[in-house]
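# Fold and geometry: a report
Letter by letter, the chains look like this.
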Amino acid sequence: MAALSLRGAQLLKVQTGSTSALANVLPSCNYASEVRPRKIDTASMKRGRGGRSSFSGDVVTVFGANGFVGRGIANRLGKNGSQTIFPYRGEHYKMLRLKVTGDLGQVLFCPMEIKDEDSIRRAVSHSNIVINLIGRGVETSNFSYEDVNITAPQTIARLCKEAGVKRLVHMSHINAREEPEKAFLPGGSRFLKTKFMGELAVRSEFPEATIFRPSDVYGQGDSFLNHYFSYWRKNMSKGMPLFGKGEMTVKQPIWMSDLVTGIMNSLYDPAAIGETYEAVGPDRLTQAALLTYMYGLTTRTKEAGTFNITELMMDPASMIRAFLIGNSPFGTVNTFHQYNLDRLERDSISDMSEGVYPDLSDLGVKLHTLEEKMPWEVAPWDLYSYFQYERPEEKPVAAPPVHVTMEQERKLNQKRGLGPIALVPGLM
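All of these numbers come straight from a predicted model, not from anything done at the bench. (Residues numbered from 1 in each chain as written. Predicted model: local features only at pLDDT ≥ 70, side-chain atom pairs only at ≥ 80, totals over all residues. Heavy atoms only, no water.)

Moving on: the overall build of the protein chain. On a plain count of helices and strands, the protein chain comes out with 12 helices and 15 strands. Accessible surface computed for the protein chain: about 21,200 Å², of which carbon and sulfur atoms make up 56%. (Helix = DSSP H or I, 4+ residues; strand = E, 2+ residues; numbered from the N terminus. Areas by Shrake-Rupley, 256 points an atom, 1.4 Å probe, with all protein chains shown as cover.)

See below:
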């Protein structure tokens with residue numbers, strides 16, 4: 001008796017019961033959905049009109065697919081019919097939600113460790129597109145900023161080049177600099193410095209890589225809104241400690257779906273090869289105005305005594321709390337939302353464009369404003385969400401966000417340049 005086995009595009013006859021012959025055709029795998037070796041031109045297999053039940057001809061590996069931005073990317077890739085490979089470390093149960101992003105057989109999972117090159121090589125060996133979204137705002141006992149932001153991206157880029165990957169996307173930060181701006185930490189943010197060095201490392205191994213420099217990204221399940229509405233971010237008097245009370249820091253947050261659209265558009269834009277894009281939102285406002293608007297949408301105002309901004313540099317308790325949480329081995333992501341001293345440092349500097357890179361509009365992205373998306377995103381934190389208003393006009397309406405002009409920002413920068421004296425109330 002003989003059985004038929006499919007290997008690539010060849011139909012092979014294998015003797016039934018011959019385990020050695022079968023093993024040569026299909027190597028053993030630990031998981032049913034694990035990546036299997038194959039030699040097929042996937043582009044020639046493009047089928048369907050598009051959508052989840054089609055095949056786009058692309059095989060895409062997404063590192064960090066179970067993260068905030070990664071979940072959006074996984075959904076979009078499944079939506080356009082791409083076959084996706086999601087490397088993961090630790091428990092595989094956290095990846096279960098991604099199984100439904102694509103059609104049957106289109107979503108594959110692959111165990112991976114960033115310090116194990118063989119596992120990375122296996123994850124990218126069958127892909128023509130690789131997206132690296134690995135990132136962590138806090139250090140752990142196993143991985144430092146250098147490991148996550150420099151070594152891992154460089155290794156992925158090198159192995160992608162060896163495997164013949166056509167497109168590589170890397171994620172950086174809008175304020176990534178060789179010498180980041182300093183607020184209160186000596187030397188500035190190590191996270192931002194290593195992000196910049198990670199860009200150089202990726203470029204050295206894969207010059208054609210597309211790099212995105214996003215600002216703070218907000219949306220459901222993020223580490224931006226969750227961070228600022230967390231109990232741990234506030235001080236004992238329920239105030240929000242901000243550097244310079246948030247009046248000298250300018251922010252430009254972007255909605256997650258807009259960033260995902262830019263990444264997806266870059267995959268099929270020849271002009272994006274080897275390019276760096278700055279991904280910022282359309283609203284530019286001071287940190288104080290941003291937090292006041294966000295809390296106002298949840299019916300928390302200074303007038304009602306439910307929201308207040310205090311001076312971070314006059315609040316040693318917040319500094320100590322950030323230091324202890326940042327060095328805690330537990331809950332750094334889901335409980336404390338990546339809260340540490342470096343996070344306070346990053347939050348204390350303005351989102352600054354270098355003025356030489358294109359932005360998401362060059363990729364055809366229509367950016368959404370804060371007034372369009374923020375009310376829905378912060379609705380779960382509404383202080384009176386349990387209250388049923390008898391008439392729509394009774395529901396409080398938050399004041400619109402106050403944007404900063406170029407002249408105002410110039411004056412803020414001059415004030416900030418004065419150093420610590422600018423933080424003293426009444427002197428400026």
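Moving on from the model shown.
Pairs can form between side chains of opposite charge once their charged atoms are near each other. With the rule as written, the count across this model stands at 21 salt bridges. As a salt-bridge pair, Arg-190 and Glu-139 come within 2.8 Å of each other at their nearest N and O atoms. Here Arg-190, found in helix α5 (residues 190-205), pairs with Glu-139, found in the loop between β6 (129-132) and α4 (145-163); they are 51 residues apart in sequence, far enough to count as distant. With its nearest N and O atoms 3.9 Å apart, the salt bridge here joins Glu-179 to Lys-193. Here Glu-179, found in the loop between β7 (167-171) and α5, pairs with Lys-193, found in helix α5; they are 14 residues apart in sequence, far enough to count as distant. Assessed through its relative accessible area of 31%, Lys-193 is described here as partly exposed. (Salt bridge = Lys/Arg side-chain N within 4 Å of Asp/Glu carboxyl O. Buried < 20%, exposed > 50% of the residue type's maximum accessible area, 1.4 Å probe, protein only.)

Let's shift gears to empty space enclosed by the protein. What the rule picks out here adds up to one cavity of 30 Å³ or more. Roughly 30 Å³ of internal volume is contained in the largest cavity. Asn-132, Pro-153, Ile-156, Ala-157, Leu-168, His-170 and Val-202 are the residues that line the largest cavity. When contributions to the lining of the largest cavity are tallied by element, the ones reaching two or more residues are α4 and β7. Residue classes in the lining of the largest cavity are distributed as five nonpolar, two polar and no charged. (1 Å grid on protein atoms, 1.4 Å probe; cavity = no way out; pocket = protein on both sides within 12 Å on 5 of 7 lines; lining within 4 Å. Points joined across faces, edges and corners; volume = space filled by probe spheres on them. Nonpolar A, V, L, I, M, F, W, Y, C, P; charged D, E, K, R; others polar.)

So, on to the packing of aromatic side chains. Two measures describe an aromatic ring pair: the distance that separates the ring centres and the angle between the ring planes. Enumeration according to the criterion identifies 11 aromatic pairs in this entry. With centroids separated by 4.8 Å and ring planes inclined at 10 degrees, the aromatic side chains of Phe-229 and Trp-381 adopt a geometry described as stacked. Of the two residues, Phe-229 is situated in the loop between α6 (225-228) and β10 (240-242) and Trp-381 in the loop between α11 (370-378) and α12 (406-416); the sequence distance between them amounts to 152 residues. Using a relative accessible area of 8% as the deciding quantity, one classes Phe-229 as buried. Judged by its relative accessible area of 22%, Trp-381 is partly exposed. Aromatic side chains Tyr-231 and Trp-232 sit 5.5 Å apart centroid to centroid with 80 degrees between the ring planes, which places their arrangement in the edge-to-face category. (Phe/Tyr/Trp six-rings, centres within 6.5 Å; stacked < 30°, edge-to-face > 60°.)

What follows deals with the side chain of Glu-311. Note on placement: Glu-311 falls in strand β15 (residues 309-311). Although Glu-311 lies buried, it forms no salt bridge, and the closest oppositely charged side chain, Lys-245, sits 6.5 Å away as judged by the N-O distance. Of the polar contacts made by the side chain of Glu-311, one reaches the backbone nitrogen of Lys-245; its length is 3.3 Å. If sequence neighbours within four positions are ignored, Glu-311 has contacts with Leu-242, Phe-243, Gly-244, Lys-245 and Leu-423. (Lys, Arg positive; Asp, Glu negative; His and termini not counted. Polar contact = N/O pair within 3.5 Å; in protein donor to acceptor, adjacent residues only side chain to side chain. Contact = heavy atoms within 4.5 Å.)

On to the packing of α4 against α5. Look at α4 against α5: their axes get within 8 Å of each other, and the N-to-C directions meet at 15 degrees. Here α4 lies roughly parallel to α5, going by the angle between them. Where α4 crosses over α5, the two elements pack in a sense that is right-handed. Each of Tyr-145, Glu-146, Asn-149, Ile-150, Pro-153, Gln-154, Ala-157, Arg-158 and Lys-161 in α4 lies in contact with α5, whose residues at this interface are Arg-190, Phe-191, Thr-194, Lys-195, Met-197, Gly-198, Ala-201, Val-202, Ser-204 and Glu-205. Residue composition of the contact of α4 with α5, by class: eight nonpolar, five polar and six charged. (Axes fitted to C-alpha atoms, helices over the stretch in contact; angles between N-to-C directions. Parallel < 35°, antiparallel > 145°, perpendicular 65-115°, else oblique. Left-handed = near helix turned anticlockwise from the far one by under 90°.)

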